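Spelled out, the chains give:
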Amino acid sequence: MHASRTRLRWLAALALTAGFATQAIAQDKPIRFGVTCPTPPALHCPDNECASSLVINQGPIVEMKTRRPYFLDYPCELKQGEKVTFILSLHGGGSYGNWQRHYFPIMDFKDKYRLIIATPNSPVRAWSDVDDAYLQNIVNTVIEQIGRENIKAFWLVGHSQGGMTSNRIVRTDFFKNKVDGFLSLSGGRIGGNPGRAGSFGPPRSASATTSPDPSTMPAMAAQMAALREPPAADFSHIYATGRREVDDKGVPTTSAWAEKYSCGARAAPVEIADTKPGYVYDSSRLNELNQAWGLLPAGGKAEVSIFPNCKDGRVVADVVRLDKGHTEGLEPKITEELVKLILSAPGGKIQKGG
């Protein structure tokens, strides 16, 4: 019965995507080499007050087998045979692909750092193993078009439940031999999690009449339990979080993942300051904002702490965004710093046949 309800929700959500991506076209070759692309990229939010109709857009590309839309951002005038870094970026629970695209706006750096970024959507706005084939098809499409020999590195990026999903799929046969790194954006820290702030969670007014679907709770609890053990795959790992969403102890200074690669003790943090705010926030709860969940976009500071001298050049790092909660979009300088960390890590799994 529950499976039937889930299927009906999936079909209803998929039907709605026609209104969000009216120009979406199924393409077996979504990358167009040597073509000048728009600047800024298509369906890009302005610097502030991004319209909700834009944030919930599902993307202009349709994956051929599942007929589900997604975003694909890549360098302008990309040349055949050019070496690139490939990133699969997953939104959090209750979110959308274009919100994720602006929460972690690496598309703004795709030309400078030669990045290909695929940003998919869950029709029910929460990932499960039902979506795995869709995600695999997107990855295969990019590999086939770019050529595996031209993909220097492949990273998973996930915010919140998208981070949990990245942690889950990196353990699967398809991804474990392809993924060179995993950036968790408030989506769980491999090697030891911080505690949650007491007020963490989506704000809910006293007058609200809705509550979480109890049928989803056992599945969520089982997923979280399965992720407590570290994955067997080898990859670099960066954990980023808002300081206000974790408890007073903060992010642990040690990491079992860093120990796995014989890294040195975590170095003193390097501060990154931004005066420009991020693009997005949780605009659905304007009257119920709290610090742990997230406030309005604003400039801010972040501390980047690296575990040095890791075996095989792996990158293991913690990034704490000061005075930030769970949902404020990342500012440009900290976004670029995370891109630099990704590019500093070793890659090559897909090139080797992964």
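Residues numbered from 1 in each chain as written. Predicted model: local features only at pLDDT ≥ 70, side-chain atom pairs only at ≥ 80, totals over all residues. Heavy atoms only, no water.

Novice: Even after reading the chapter, I still don't get the overall build of the chain, so can you show me in this structure?
Specialist: If you tally the helices and strands in the chain, you get ten helices and eleven strands. Burial status across the chain gives 52% buried among its 354 residues. Excluding contacts between residues fewer than 6 apart, the proportion of contacts in the chain whose partners are at least 24 apart in sequence is 82%. Carbon and sulfur atoms make up 54% of the accessible area of the chain, which totals about 15900 Å². (Helix = DSSP H or I, 4+ residues; strand = E, 2+ residues; numbered from the N terminus. Buried < 20%, exposed > 50% of the residue type's maximum accessible area, 1.4 Å probe, protein only. Contact = heavy atoms within 4.5 Å. Areas by Shrake-Rupley, 256 points an atom, 1.4 Å probe, with all protein chains shown as cover.)

Novice: I would appreciate a short explanation of the nonpolar core in the present structure.
Specialist: Nonpolar side chains in soluble globular proteins generally cluster together in the buried interior. Membership of the largest hydrophobic core comes to 40 residues, with the highest contact counts inside it found for Leu 72, Ile 116, Phe 154, Leu 156 and Phe 175. Among the elements of the structure, β3 (68-73), β4 (84-90), β5 (115-120), α5 (132-146), β6 (151-159), α7 (173-176) and α9 (256-260) are those that each provide at least two residues to this core. The element best represented in this core is α5, accounting for seven residues. (Core = buried A, V, L, I, M, F, W, Y, C linked by side-chain atoms within 4.5 Å.)

Novice: For this particular structure, what's the right way to read the pairing of β4?
Specialist: Walk down a regular strand and you will see the side chains alternate between the two sheet faces. Summarising burial for β4: seven of the seven residues are buried, a large majority. A two-sided burial pattern is seen for β4, the buried positions comprising Val 84, Phe 86, Leu 88 and Leu 90 on one face and Thr 85, Ile 87 and Ser 89 on the other. Across seven bridges, the pairing between β4 and β6 is parallel. In the sheet register, Phe 86 faces β6, and the bridge partner there is Phe 154. Where β4 lies against β5, four bridges are found, and the strand directions are parallel. Bridge pairing in β5 links Phe 86 to Ile 116. (Pairing = 2+ DSSP bridges.)

Novice: Looking at this structure, I do not really get the environment of Asp 111. What am I missing?
Specialist: Relative to the assigned elements, Asp 111 resides in helix α4 (residues 110-113). By relative accessible area, which is 32% here, Asp 111 ends up partly exposed. Asp 111 sits 38 residues away from Asp 73 along the chain, and the two C-alpha atoms are 9.7 Å apart. The residues touching Asp 111, leaving out its near neighbours within four places in the chain, are Tyr 74, Pro 75 and Cys 76. Within the structure, the side chain of Asp 111 is placed 2.7 Å from the backbone nitrogen of Cys 76, a separation counted as a polar contact. (Polar contact = N/O pair within 3.5 Å; in protein donor to acceptor, adjacent residues only side chain to side chain.)

Novice: Explain the environment of Ala 258 to me, please; I cannot follow it from the model alone.
Specialist: Inspection of the secondary structure assignment puts Ala 258 in helix α9. When the C-alpha positions of Ala 258 and Cys 310 are compared, they lie 7.2 Å apart, and in sequence the two are 52 residues distant. With residues up to four places along the chain from it excluded, the contact list for Ala 258 reads Cys 263, Phe 307 and Val 316.

Novice: Would you explain α5 in this entry?
Specialist: Since the α-helix packs 3.6 residues into each turn, any two residues three or four apart lie on the same face. The end-to-end C-alpha distance of α5, which contains 15 residues, comes to 21 Å, matching closely the 21 Å that a straight helix rising 1.5 Å per residue would cover. Among the 15 residues of α5, eleven are classified as buried, and the element is accordingly described as predominantly covered. Among the residues making up α5, those that are buried are Asp 132, Tyr 134, Leu 135, Asn 137, Ile 138, Val 139, Thr 141, Val 142, Ile 143, Gln 145 and Ile 146. One or two residues past the end of α5 sits Gly 147, with phi positive at roughly 95°. (Expected span 1.5 Å × (residues − 1).)

Novice: What should I look at first to understand the side chain of Ser 184 in this one?
Specialist: Tracing the chain through its elements places Ser 184 in strand β7 (residues 181-185). Relative accessible area serves as the criterion here: at 0%, Ser 184 is assigned to the buried category. Separated by 3.0 Å, the side chain of Ser 184 and the backbone nitrogen of Gly 187 make a polar contact. Side-chain polar atoms of Ser 184 contact the backbone oxygen of Gly 188, separated by 2.7 Å. Apart from residues lying up to four places away in sequence, Ser 184 is in contact with Gly 158, His 237, Ile 238, Tyr 239 and Ala 240.

Novice: I'm lost on empty space enclosed by the protein in this one. Help?
Specialist: Empty space among the atoms becomes visible once a probe the size of a water molecule is rolled across them. By the definition in use, this model includes three cavities of 30 Å³ or more. Lining the largest cavity, in full, are Asp 73, Ser 89, Gln 100, Arg 101, Phe 104, Pro 105, Ile 106, Met 107, Ile 117 and Thr 119. At the level of secondary structure, the elements contributing two or more residues to the lining of the largest cavity comprise α3 (97-103) and β5. Taken as a whole, the second largest cavity spans an internal volume of roughly 40 Å³. Along the walls of the second largest cavity sit Ile 272, Asp 274, Gly 300, Lys 301, Ala 302, Arg 321, Lys 324, Glu 331 and Ile 334, which together make up its complete lining. Elements that contribute at least two residues to the lining of the second largest cavity include exactly β9 (270-274) and β10 (300-307). Per element, the largest residue contribution to the lining of the second largest cavity is three residues, and it comes from β10. (1 Å grid on protein atoms, 1.4 Å probe; cavity = no way out; pocket = protein on both sides within 12 Å on 5 of 7 lines; lining within 4 Å. Points joined across faces, edges and corners; volume = space filled by probe spheres on them.)

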